[in-house]
Amino acid sequence: MSKPISSALSSQPWYKEFWPWFIIALLGTVVTASLITVSIAFRHADDLVVDDYYKVGLAINQRLEHREAAQRLGIDITLRLAGEQVVLSTRNVAPSSQLTLLLAHPMEADKDFTLTLLPGPDGVFFAALPTQVSHAWHWSVSGAEPEDWLVSGVIDEKAFRNGDP
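Residues numbered from 1 in each chain as written. Predicted model: local features only at pLDDT ≥ 70, side-chain atom pairs only at ≥ 80, totals over all residues. Heavy atoms only, no water.

A few points about the overall build of the protein chain
Using the following cut-off: Labels follow the DSSP assignment, with helices taken as runs of H or I lasting at least four residues and strands as runs of E lasting at least two, numbered in each case from the N terminus. By definition in these notes, contact holds between two residues if any of their heavy atoms fall within 4.5 Å. Each accessible area is a Shrake-Rupley estimate made with a 1.4 Å probe; only the visible protein chains count as cover when residues are assessed.
Helix and strand counts for the protein chain stand at 3 helices and 7 strands. Tracing the protein chain from N to C terminus, the helices and strands come up as α-α-α-β-β-β-β-β-β-β. The long-range share in the protein chain, meaning contacts at least 24 apart out of those at least 6 apart in sequence, stands at 55%. Accessible surface computed for the protein chain: about 12,100 Å², of which carbon and sulfur atoms make up 59%.

Looking at the sheet that holds strand β3 (residues 99–104)
This is how the line gets drawn: Note on pairing: two strands pair once DSSP finds at least 2 bridges between them. Angular values range over 0 to 180 degrees, each being the angle between N-to-C directions of two axes fitted as lines to C-alpha atoms, with helices fitted over their stretch in contact.
Pairing within the open sheet is antiparallel, and its 7 strands lie in the order β1-β2-β5-β4-β3-β6-β7. With one partner strand each, in any of the chains shown, β1 (76–82) and β7 (149–154) form the two edges of the open sheet. Averaged over all adjacent pairs, the angle separating strand axes in this sheet is 25°, with direction ignored. Of the strand pairs in this sheet, strand β4 (residues 113–119) and strand β5 (residues 124–128) are connected by 2 bridges, and their pairing is antiparallel. Counted as the bridge partner of Leu118 is Phe126 from β5.

What to know about the packing of aromatic side chains
Keep this limit in mind: In summary, the pairing rule links any two rings of Phe, Tyr or Trp, Trp by its six-membered ring, whose centres are within 6.5 Å, and it sorts them by plane angle into stacked for under 30 degrees, edge-to-face for over 60 and tilted for everything else.
The tally for this structure, following the rule as stated, stands at 6 aromatic pairs. Aromatic ring contacts, followed pair by pair, group Trp14, Tyr15 and Trp21 into a single cluster.

A closer look at the side chain of His105
Rules: Under the rule applied, a polar contact is a pair of N or O atoms within 3.5 Å (in protein, one hydrogen donor and one hydrogen acceptor; residues adjacent in sequence only if both atoms are side-chain atoms).
Tracing the sequence through the fold places His105 in the loop between β3 and β4. Separated by 3.0 Å, the side chain of His105 and the backbone nitrogen of Glu108 make a polar contact. Non-local contacts of His105, meaning those with residues more than four positions away in its chain, are made with Lys111, Asp112 and Trp137.

What about the environment of Glu65?
What counts here: Exposed residues in this analysis have more than 50% of their type's maximum accessible area, buried residues have under 20%, and partly exposed residues fall in between, with area computed by a 1.4 Å probe over protein chains only.
With respect to the secondary-structure elements, Glu65 resides in helix α3 (residues 53–73). For Glu65, a relative accessible area of 51% corresponds to the exposed category. For the pair formed by Glu65 and Asp148, sequence separation is 83 residues and the distance between their alpha carbons is 8.8 Å.

Description of the pattern of salt bridges
Put simply, the rule is: A pairing counts as a salt bridge when a side-chain nitrogen of Lys or Arg comes within 4 Å of a carboxyl oxygen of Asp or Glu.
Overall, the coordinates contain 1 salt bridge when judged by the stated rule. Two residues, Glu108 and Lys111, come together in a salt bridge whose shortest N-O distance is 3.9 Å.

Read these as layout, nothing more, since geometry by itself doesn't imply function.
What follows is the structure, given as structure tokens:
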């Protein structure tokens, strides 16, 4: 007589078998890896992607107008980093002007910061740096009087020289 099918199969409970635990471990590993990947993606999100293209386009047009105003006024600015200070040598900027300097990290927007520059002698403006900056940071200086203007550039080797720019 042949054996009944039920007696040919294992009589152990499922949780004592190898294969269910192997499949659960594989699925658990995939879920854990997915959660880690999502947390890395949110923690290190790409700052270069813009959500509102229309507003950015309007801002670009306004910045172009401000750059043209700086050219019309003959404003020229040279940025130099001296230790823990940033020093701007200016031409055709009123000594009583209030200047704002934006230093922007090329990849991470959370490292950007804005400084209000203090006037010094002979068209020089300066401010203390809250953190170190390095090559390839973007800078822009803007003024509010008599009309809005903007001058910008990228920090290069010349900015780190100790002598006069």
